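Notes for the structure review
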Amino acid sequence: MKNAFSTVLAAATRPIPALAVGHVPPHNAALEAAVLGALLLEADALRTVLGILPSEKAFYVPAHRFIFRAVRTLFAAGQAIDQLTLTVQLRADGVLERVGGPHFVAGLTMKINSAAHIESHCRLVQEYQARRQLITTSTRLMQHAYDEGEDALGLLTAAQLELNGLHKGLESKAVQTAASTYDGVFADLVKAVESPDLTGVSTGLRALNDVSAGWQDSDLIVLAARPGMGKTAALLHFARTCALDLGRAAAIFSMEMPTKQLMQRMVASEVPGYSNADLRRGNIAGGVPQVHQLYEAAKRLRTDKLLIDDTPGLSIFQLRAKAARLKAEHGVALILVDYIQLMKGETKGNREQEIGSITRGLKELAKELDVPVIALSQLSRSVETRGGDKRPQLSDLRESGSLEQDADMVVMLWRGEYYGIEEYSDGTPTQDTILFDICKHRNGALGEVIAGCSMKRGTFFDLGEGNTEAYEIEVGPRMVRLGALPTSQFEDPANLPF
């Protein structure tokens, strides 16, 4: 992907030659005829051609297109392919005279002596097709670019997606042998043994990893809850786990909070003894000297692995363009969106259709970049009017059933403590805990995970381990690791071990 973007950028810096009116699109008629002649000569050549060239659009000359389409029809019907059967099929299609008659078909085999170089010839035909497609795409985009009513960023996104499509069209993976992949399978097995049951990006919670096996590449994960349940705190926890613990780049697209507020919340997650509210109000015992110590305690947040875009009201087009660029430039391994209902969709209809276009775009983004996409979503107010424990369910997803349809995983967040409920059904106290309810899991099992949390600091941890996050700070020339002490021991700033 990175090489493709580099090539496009390099090409963009070269002088653009003047386009002469009436230029014939790039093609090579003799090369096309040689390919068709070779597939009539040898059965092996036929299979090679059909494996590389997917349709008649690869050919520029109209007669060659008709002939290749007839070849594909005969092949699909399981019939032999030679000059006679091809002539019969062209006559049945009503195009025999348009291609030049039986004489033209017979002449194709005179264009080439053997099919020895058929694969190379097919690749060249494919390249000519790519050049024609690039010219068509560029011309169309140029016409739209002159229209001042068109959104410039939307045009850039469309151009990027089309160029990616052309690049993928030229890619062709060779068949691999079992021997060539054998060692790789066991290398993956070693990784699996080292990290049991974790095949994706770690969630940072062992219990949640046990159910999900981590966030999987190409998956769209919808994290849904009512306000006050800790959606944004959970999203930041997952981002920090990816960037700080795993050392892999994570991109946050926040349409609700500006970057500084998000960073402040993450600092509160990193430094013991202070809540987000304390940092916001400057309620720091010890004054400025203590601030310097907090600066050192949270220093691992000074990383290029955490990428934040706080552009308000992003459209799905804009988000996909920005995410593709971040993937190419930084190798992003996780994309997080806060939140779906604040985005703009491609479809200009009712809100339900617009949300549908957003969720489809997010799923396509996950597949295009082959990374997990975690998107937050609000739930409808019906949760609050419902009796009982007010546990959310799939039908509470706000504004569109496409959220449930397009998502690979839907995780509901619920805190019983918020509603005055003291215990879960299994007797676990709800105080300082949160429930991750996996109510849709396309590629795995459903399940519920109860995790510990501190909403004041925005931290999450496995039950039984306590809030004992470890920290590393730089003290002179050495690194000091802090951990294995409950947060409660740091409540008095005088006890901070700096």
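Remember, predicted model here, so these are calculated numbers, not experimental data. (Residues numbered from 1 in each chain as written. Predicted model: local features only at pLDDT ≥ 70, side-chain atom pairs only at ≥ 80, totals over all residues. Heavy atoms only, no water.)

Here the focus is the overall build of the chain. Across its full length, the chain holds 19 helices and eleven strands. Taken over 498 residues, the chain has a buried fraction of 45%. Entry remark: accessible area of the chain is about 25800 Å², with carbon and sulfur atoms responsible for 53%. (Helix = DSSP H or I, 4+ residues; strand = E, 2+ residues; numbered from the N terminus. Buried < 20%, exposed > 50% of the residue type's maximum accessible area, 1.4 Å probe, protein only. Areas by Shrake-Rupley, 256 points an atom, 1.4 Å probe, with all protein chains shown as cover.)

We now examine the confidence of the model for the chain. The predicted model of the chain has a mean per-residue pLDDT of 77, with 82% of residues at 70 or higher. At the level of individual helices and strands, the chain shows its lowest average pLDDT in strand S11 (residues 478-482), which scores 26, and its highest in strand S4 (residues 334-338), which scores 92. Here residues 1-21 scores under 50 on pLDDT; set against residues more than four positions off or in separate chains, the count is nine contacts. (pLDDT = per-residue confidence, 0-100. Contact = heavy atoms within 4.5 Å.)

Quick look at a negative patch on the surface now. A contiguous patch of negative charge on the surface is contributed by Asp 147, Glu 148, Glu 150 and Asp 151. Assignment of secondary structure puts Asp 147 in the loop between helix H8 (118-145) and helix H9 (152-170). The class for Asp 147 is partly exposed, based on a relative accessible area of 40%. (Patch = residues over 30% accessible without salt bridge, like charges linked within 9 Å, V, L, I, M, F, W, Y side chains within 5 Å. Salt bridge = Lys/Arg side-chain N within 4 Å of Asp/Glu carboxyl O. Lys, Arg positive; Asp, Glu negative; His and termini not counted. Charge placed at Lys NZ, Arg CZ, Asp CG, Glu CD.)

A cluster of nonpolar residues, Tyr 182, Val 185, Phe 186, Leu 189 and Val 193, forms a patch on the protein surface that exposes about 510 Å² of accessible area. If you trace the backbone, Leu 189 turns up in helix H10 (residues 178-194).

What follows deals with the pattern of salt bridges. All chains considered together, the criterion is met by twelve salt bridges. Notably, a salt bridge pairs Glu 270 with Arg 240, separated by 2.5 Å at the nearest N-O pair. Here Arg 240 lies in helix H12 (residues 231-245) and Glu 270 lies in helix H13 (residues 259-270), a separation of 30 residues in the sequence. Judged on exposure class, the residue Glu 270 and its partner Arg 240 are both buried.

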